[in-house]
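Here is what each chain is made of, one letter per residue.
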Amino acid sequence: MKIIQYPEKQEWDSLLSRPDQDQEEIRNSVSQILEDVKKNGDVALQKYTKALDGVQLDNIKVSDEEMDAAAGKLDDALKEAIRMAAANIEKFHAAQKGEETSVEVIPGLNCWQKPVPIDSIGIYVPGGSAPLFSSVLMMALPARVAGCNNIILTTPPDKEGGVHPAILYAARQSGVNKIYKVGGAQAVAAMAYGTESILRVNKIFGPGNRFVTLAKQLVSMEGVAIDLPAGPSEVLVVADDQAPPRFIAADLLSQAEHGTDSQVLLLSASERLLEDTRREIENMLKELPRKDIAEKALEYSRLILLSNMDEIMDMVNCYAPEHLILATENATELSRQVRNSGSVFIGNYTPESLGDYTSGTNHVLPTNGYAVSHSGVNLDAFVKKITFQRASQDGLGNIGESTMTMARAEGLEAHSMAVQVRMENKSG
């Protein structure tokens, strides 16, 4: 990894560019899968499962027996860790519950807003070499806390037609209603349109590869809500001379091992810290099981030397990282300057790994710069807020003339008439 020294501000955009995520090359394939599932339902799902996952399934639904057997396939330490993480996630999201708010805007006219849970939630969980059972907790638990009635989960089967037991155990801990062995863009299609086995949902959550991400984007244009724009994982670390380089190297590698298109950045005003961290990365990388993946991701990564913390924080907010680690002496004070980030980790003993698994904050976060305008998943993602209003006859009298004036100014006479006929009614 090369250290980039004191780049000019006009260079920042190119310097902070993400790995190319051109979706056009796969758009036709994803569109065909969506259309096929929409027309042919379970038949299409079984076809793609055989072709893409290499297994023929007569029944795509996970059975009660499979759910019951999952716990026995996991060691006690992992089960306890999942239960602890679940408790923290539930506690943190329960604290976000909003109450009904009401105000009398003028005498006789009351308006209020009430949070109402989205009825049906679909969760996608990738399988493969790193089955993300932690994502089950991050999405299903807030849905349960919010009061969503129907929480379903789709995840690709393994070569034996099963699902990783940690995914099943986390799902049971989280209150998932049904689990289906379906992966890829076809799983998104099934949740968006419904099939004979899978009921259509109102909103789809979950990470995935380029096919899954594009499928979510396409179905969102047809009225199915999705959690947020997704892309490869990323972390930006801000560090000074007091930060242990080994800590920083481990943080950078923890994101680099996610995927070959992940991106990691380290910003500092200390050239020594950058040099020491680079050496630690080289040493630690040798022992990493996912070394090949991490090495590829490091090609998109940067070590950047800047003049001072003010310039560093300007670059942080320009990049808008998914994860931001502040490993500086004044980290708490520095955190007050953060305007754009998905989640912030403060101090030398707060690795990003805590947010991925156990701290209780949500790890489904905006990537690719979307943190400038999007929040990470939180309890609000699982509710909609309905407004109500009630006017008395006096209340209508207090506001009616202004309403009619505005309606007429827009040329909408019937709007005005709807007020006028009531104001002319003297019967009470």
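Above this text sits the structure in question.
Residues numbered from 1 in each chain as written. Predicted model: local features only at pLDDT ≥ 70, side-chain atom pairs only at ≥ 80, totals over all residues. Heavy atoms only, no water.

(A) Quick look at unusual backbone geometry. The phi dihedral of Tyr6 is positive, around 45°, even though this residue is not glycine. Judged by relative accessible area, which is 45%, Tyr6 ranks as partly exposed. One non-glycine residue, Asn368, adopts positive backbone phi at about 60°. By the element assignment, Asn368 lies in the loop between helix H15 (352-357) and strand S14 (383-391). (Buried < 20%, exposed > 50% of the residue type's maximum accessible area, 1.4 Å probe, protein only. Helix = DSSP H or I, 4+ residues; strand = E, 2+ residues; numbered from the N terminus.)

(B) A look at the sheet that holds strand S4 (residues 120-124). Taken in spatial order, the five strands make up an open sheet running S6-S5-S4-S7-S8, and their pairing is parallel. Looking at which strands have only one partner, the edges of the open sheet turn out to be strand S6 (178-181) and strand S8 (225-226). Here strand S7 (residues 203-205) pairs with S8 via two bridges, running parallel. Bridge pairing in S8 places Lys203 opposite Ala225. (Pairing = 2+ DSSP bridges.)

(C) Spotlight on helix H3 (residues 42-53). Across its twelve residues, H3 extends 15 Å between first and last C-alpha, which sits within 8% of the 16 Å expected from 1.5 Å per residue. Buried-residue contacts for H3 involve helix H2 (24-40), S6 and helix H8 (184-193). In the stretch just after H3, Gly54 is the one whose phi turns positive, near 75°. (Expected span 1.5 Å × (residues − 1). Contact = heavy atoms within 4.5 Å.)

(D) Main features of the packing of aromatic side chains. Taken as a whole and assessed by the stated rule, the structure comprises three aromatic pairs. Taking the centre distance of 5.6 Å and the plane angle of 5° together, the rings of Trp112 and Phe388 count as stacked. On the criterion of sequence distance, the pair formed by Trp112 in strand S3 (residues 109-117) and Phe388 in strand S14 is long-range, its members being 276 residues apart. Classification of Phe388 by relative accessible area gives partly exposed; the value is 30%. With a centroid separation of 4.3 Å and 5° between ring planes, the pair formed by Phe205 and Phe382 is classed as stacked. Separated by 177 residues along the polypeptide, Phe205 in strand S7 and Phe382 in the loop between H15 and S14 bring together distant segments of the chain. Classification of Phe205 by relative accessible area gives buried; the value is 0%. The ring centre of Tyr193 lies 4.7 Å from the NZ or CZ of Lys38, which sits over that ring. (Phe/Tyr/Trp six-rings, centres within 6.5 Å; stacked < 30°, edge-to-face > 60°. Lys NZ or Arg CZ within 6 Å of the ring centre and 35° of its normal.)

(E) Spotlight on the environment of Asp240. Residue position: Asp240 is located in the loop between strand S9 (234-239) and helix H10 (245-256). With a relative accessible area of 16%, Asp240 lands in the buried category. Residues Asp240 and Glu80, 160 residues apart in the sequence, show an inter-C-alpha distance of 36 Å. Ignoring any residue separated from it by four or fewer positions in sequence, one finds Asp240 in contact with Ser268, Leu273, Met309, Ala327, Thr328 and Glu329. Among the polar contacts made by the side chain of Asp240, one reaches the side chain of Gln242 at a distance of 2.9 Å. (Polar contact = N/O pair within 3.5 Å; in protein donor to acceptor, adjacent residues only side chain to side chain.)

(F) Looking closely at the nonpolar core. Ile121, Ile123, Val136, Leu137, Leu153, Ile179 and Phe382 are the most contacted members of the largest nonpolar core, which totals 41 residues. Secondary-structure elements contributing two or more residues to this core are helix H4 (64-70), helix H5 (76-94), S4, helix H6 (133-146), strand S5 (150-155) and helix H7 (165-174). Residue contributions to this core peak at nine residues, all from H6. If sequence neighbours within four positions are ignored, Leu153 has contacts with Ile123, Val125, Val136, Ile167, Ala171, Val176, Lys178, Ile179 and Tyr180. Within the second largest apolar cluster, 30 residues are counted, among which are Val30, Tyr180, Met191 and Val219. (Core = buried A, V, L, I, M, F, W, Y, C linked by side-chain atoms within 4.5 Å.)

(G) Summary view of H7. Most of H7 sits inside the fold, with eight of its ten residues counted as buried. All of the buried residues along H7 are Pro165, Ala166, Ile167, Leu168, Tyr169, Ala170, Ala171 and Ser174. As for H7, its buried residues are in contact with H4, H5, H6, S5 and S6. Note on H7: the residue one or two positions beyond its end, Gly175, has a positive phi of about 85°.

(H) Up close: empty space enclosed by the protein. Taken as a whole, this structure holds one cavity of 30 Å³ or more when the rule is applied. One number sums up the size of the largest cavity: a volume of about 30 Å³. Thr213, Lys216, Gln217, Ile226, Leu228, Pro229 and Ala230 are the residues that line the largest cavity. Top element by residues in the lining of the largest cavity is helix H9 (residues 210-220). It accounts for three residues. Partitioned by chemical class, the residues of the lining of the largest cavity number four nonpolar, two polar and one charged. (1 Å grid on protein atoms, 1.4 Å probe; cavity = no way out; pocket = protein on both sides within 12 Å on 5 of 7 lines; lining within 4 Å. Points joined across faces, edges and corners; volume = space filled by probe spheres on them. Nonpolar A, V, L, I, M, F, W, Y, C, P; charged D, E, K, R; others polar.)

(I) Fine view of the sheet that holds S14. With respect to topology, three strands assemble into an open sheet ordered S2-S3-S14, the strand pairing being antiparallel. Strands with a single pairing partner mark the edges of an open sheet, and in this sheet they are strand S2 (101-106) and S14. Averaged over all adjacent pairs, the angle separating strand axes in this sheet is 20°, with direction ignored. The pairing of S3 with S14 spans nine bridges and is antiparallel. Bridge pairing links Cys111 to Gln389 in S14. (Axes fitted to C-alpha atoms, helices over the stretch in contact; angles between N-to-C directions.)

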